[in-house]
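Examining the three-dimensional arrangement
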Amino acid sequence: MDLLRLATIGSVDDGKSTLIGRLLVDTRQLFDDQLDAVAAASEKRGIGDLDLSFVTDGLRAEREQGITIDVAYRYATTPTRKFIIADCPGHVQYTRNMATGASTADLVLVALDVASGLKEQTRRHLCIAALLGVRSVIVAVNKMDTVAWSELAFQRAVDQFETLSRELGFTSNLAIPVSALLGDNVVENSANTPWYRGPSLLDALEASEAGSWETAQGARLPIQWVLRQPGGGRTYAGMVSGEAFRVGDHVTLLPANIETTIRAINFGGEPRLEATVGLAADLDLADETDAGRGDLIATAPLPTVTNEFEATICWFGEKPLSVNGQRLRLKHTTKSTPVRIDAISGLIDIESLAIKDASSLTTNQIGLATLITADALVVDDYREDRVTGSFVLIDEVTNATVAAGMVGHASFL
Amino acid sequence: MTTTLRTPHATDHLDVLESHALFILREVVAECERPVLLFSGGKDSAVLLHLASKAFAPQQLPFPVLHIDTGQNFAEVLKFRDRTVEALGARLVVAKVQDTIDQGKVADPGPLGSRNRLQTVTLLDAITDNSFDAAFGGARRDEDKARAKERILSFRDAFGQWDPRQQRPELWQLYQGKVNPGEHVRAFPLSDWTELDVWQYIAREKMEVPSIYFAHEREVVMRDGMWLAVGEYVEPREGEDVVRKMVRFRTVGDANCTGAVISKAATLDAIINEVAIANVSERGATRGDDKFSETAMEDRKREGYF
């Protein structure tokens, strides 16, 4: 059974949580006692029989305020697929949590209120999803019941969405008219939308070919841990990204630039012939090296070894990010190093997607910056490898994660 | 020596979940000074321990195993705990709730009262006393709506508290467990596993789990809508009928707040089939401790619970 990770995005009150609640209820993924608990919580707050948003809004504060604060992870299984669903918050102040949910997604599901159209927060979420490298998007044009199932209203929302989707470079997009509240076109196609000939949301999710999107060239293994083998040898453990490694592959250890070959591959103490992408393998190298955590084993074409690079930064810190501002550490793959911001070259205007001049980034702004690290990093452009192209910035004082960073910048910028 | 080489199939969901867990285990061990693995002898922590042994094979575990002992355990589970830890050559640390009671830090609920909530104090003391800065737990997000909200690496302040409104962003697989002295992180490598995934994995890996997970005949009483096993910690109350039923346990907690389910599932395959078609959630069917209020788990987690 394969695995698809999806994240719901979109503005507050466009119905993300209700949509996921509806999908889970109508595909019978919820247990009777969980459904009873949702019903009891709805009744307690005097909001009808069943507030479906309570399926994922599980925190006390979320239910009291009727909003989503942090990502809820839910799981669904159909005969062909396991789904990991990250239901993300819509409010702008929780953008960091939305980025958390979307950073591991293969596909984003956008809830869009048909009456109000594309709000700034929806644009922001789509922009972040695109920057994070998600290539597949399904837009659920929601609350169709409030516009009397009007095809015209649906088409107006779709036109707005498609213009933006094209600019952002999504390669697969599909729009579905739904009512999360009533269930139309969520699991079954609805008689209320005879003019819609496409799949229901569930059918679309089952058929989606979202998944690996990188234009990866070359295998990568950032070393996490050195395992000592009986008899004195060492193997290097880490998770494979990019392409697979095979026994006998010619590899380069970076940043030391030592060339060698793979003598053996293990997983959990058992030998393998191949380490596929995503496998937490350990590699035995033919030549003696002093490799350790933070080094990287790669096949050609090789990544870049550098102390200075341009990156796209999503800033989550409370105080603005600026040159010579806070003391920061950078975590990239399995390596941590002090870092300073050499220059901020601009910030993204969410409305126009243009780069505007800026010398600092405030909370939840996205911009471009040049970074200089104390130790050399082994990087790929984010669009080529999601693992070797991503990093986070950490506040040295509080240890809080204050930024998501991507090496290079998206083609739409 | 002859070995069989397996061809990898990394798109299979169990393989993806397994490698992800191994990656998390290694990251936390590499980034934290003194990690520990919380082991109750239940199926989830058994899977976690199994994954840890794979993550660091052929070496021994680079951290000890901690059991928070309420003193109200099922005997079969304690035997399984000791057998499993010994087979791995791991170091077992046992922290007893009885000691916390004897120190006067919590009220004694009496010989038959639930000690479930008291465990939090014992756990936080054990973390402080041993200067642990990371604790692996077998909690899964599908268990409860508050757990569904928690990060894989979950920060705890100097009081052991979880603040669901101030969780660190957790981007990609860049897990960062850096803490200041006195603080710690909880790490949940099984976050994305469901109950069904756990059982499928146990079957695939041919793992041993405590015998009480399999259907067996036992004397039980119905209390608060749950079948409780009659024994040292559960005595029938007035008006309760003791009956013999074919039961199994879906979760393993304290003997006096963990309900049995009526079941004929005596094999792993039968359990997998039963779990796949269950109408009631794992905790809903079996845990008295979650029935107090709508946010029972969130409230306990805020205090520092597992």
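Residues numbered from 1 in each chain as written. Chains lettered and ligands numbered in written order. Predicted model: local features only at pLDDT ≥ 70, side-chain atom pairs only at ≥ 80, totals over all residues.

1. Thoughts on the overall build of chain A
The helix and strand tally for chain A stands at 7 helices and 25 strands. Expressed as a percentage of the 413 residues in chain A, the buried residues total 53%. Once local pairs closer than 6 in sequence are excluded, the contacts in chain A between residues at least 24 apart make up 69%. (Helix = DSSP H or I, 4+ residues; strand = E, 2+ residues; numbered from the N terminus. Buried ≥ 20, exposed ≤ 12 C-beta atoms within 10 Å, placed from the backbone. Contact = placed C-beta atoms within 7 Å.)

2. Comments concerning the sheet that holds strand β6 (residues 184–187) of chain B
All names here are of chain B. The strand order across the open sheet built from 6 strands is β3-β2-β1-β4-β6-β5, with neighbouring strands paired in mixed fashion. The open sheet is flanked by β3 (92–96) and β5 (153–156), the only strands paired with a single partner. Across this sheet, the average inter-strand angle for adjacent strands is 30°, counted without regard to direction. Where β5 and β6 come together, 4 bridges link them in antiparallel fashion. (Pairing = 2+ DSSP bridges. Axes fitted to C-alpha atoms, helices over the stretch in contact; angles between N-to-C directions.)

3. Focus on the pairing of strand β3 (residues 81–87) of chain A
Residue and element names in this part refer to chain A. Taken across its 7 residues, β3 has 6 buried, putting it largely inside the fold. Judged from the 7 bridges that link them, strand β1 (residues 2–9) and β3 form a sheet pairing that is parallel. Residue pairing in the sheet places L4 in a bridge with F83 of β3. Alignment of strand β2 (residues 72–77) against β3, held across 6 bridges, turns out to be antiparallel. Within the sheet, the bridge partner assigned to Y73 lies in β3 and is A86. Where β2 hands over to β3, the hairpin turn is made up of 3 residues, counted between the paired strands.

4. Points about the domain arrangement of chain B
Residues and elements named next belong to chain B. Taken domain by domain, chain B comprises domain 1 (13–193 + 295–303) and domain 2 (199–290). Taken over C-alpha atoms, the centre of domain 1 sits 23 Å from the centre of domain 2. Elements that contribute at least two residues to the side of domain 1 that touches domain 2 include exactly α2 (43–55), α3 (75–88) and α9 (296–303). Looking at the side of domain 1 that touches domain 2 element by element, the count peaks at 4 residues for α2. Taken together, the residues that form the side of domain 1 that touches domain 2 break down as 9 nonpolar, 9 polar and 5 charged. (Domains from an automatic or database assignment. Nonpolar A, V, L, I, M, F, W, Y, C, P; charged D, E, K, R; others polar.)

5. Considerations on the domain arrangement of chain A
Residues and elements named next belong to chain A. Domain boundaries in chain A define domain 1 (2–207), domain 2 (220–298) and domain 3 (304–407). Between domain 1 and domain 3, the residue contacts involve 13 residues of the former and 14 residues of the latter. Listing elements by their share of the side of domain 1 that touches domain 3, those giving two or more residues are α4 (95–102) and α5 (120–131). Looking at which element gives the most residues to the side of domain 1 that touches domain 3, the answer is α5, with 6 residues.

6. Description of the interface of chain A and chain B
Reports of interface size often rely on the accessible area that becomes lost once the parts have come together. Across the boundary between the two partners, chain A contributes 58 residues, which contact 51 residues of chain B. Grouping the amino acids of the side of chain A that touches chain B by side-chain chemistry returns 28 nonpolar, 16 polar and 14 charged.

7. Some details on unusual backbone geometry
Residue and element names in this part refer to chain A. Backbone torsion omega between L254 and P255 reads 10°, so that peptide bond is classified as cis. The topology assignment puts P255 in the loop between β11 (250–254) and β12 (258–267). That bond from A300 to P301 is cis: its omega, -5°, falls within 30 degrees of zero. Summarising the element assignment, P301 is placed in the loop between β16 (296–298) and β17 (304–315). Residue W149 is not a glycine yet carries a positive backbone phi of 60°. Tracing the backbone shows W149 in the loop between β5 (136–142) and α6 (151–168). Given 20 C-beta atoms within 10 Å, W149 falls into the buried group.

8. Quick notes on the environment of H332 of chain A
Residue and element names in this part refer to chain A. Along the polypeptide, H332 turns up in strand β19 (residues 328–332). Along the sequence, H332 and I69 sit 263 residues apart, while their C-alpha atoms lie 27 Å from each other. Residues contacting H332, with those up to four places away along its chain left out, are L377 and F391.

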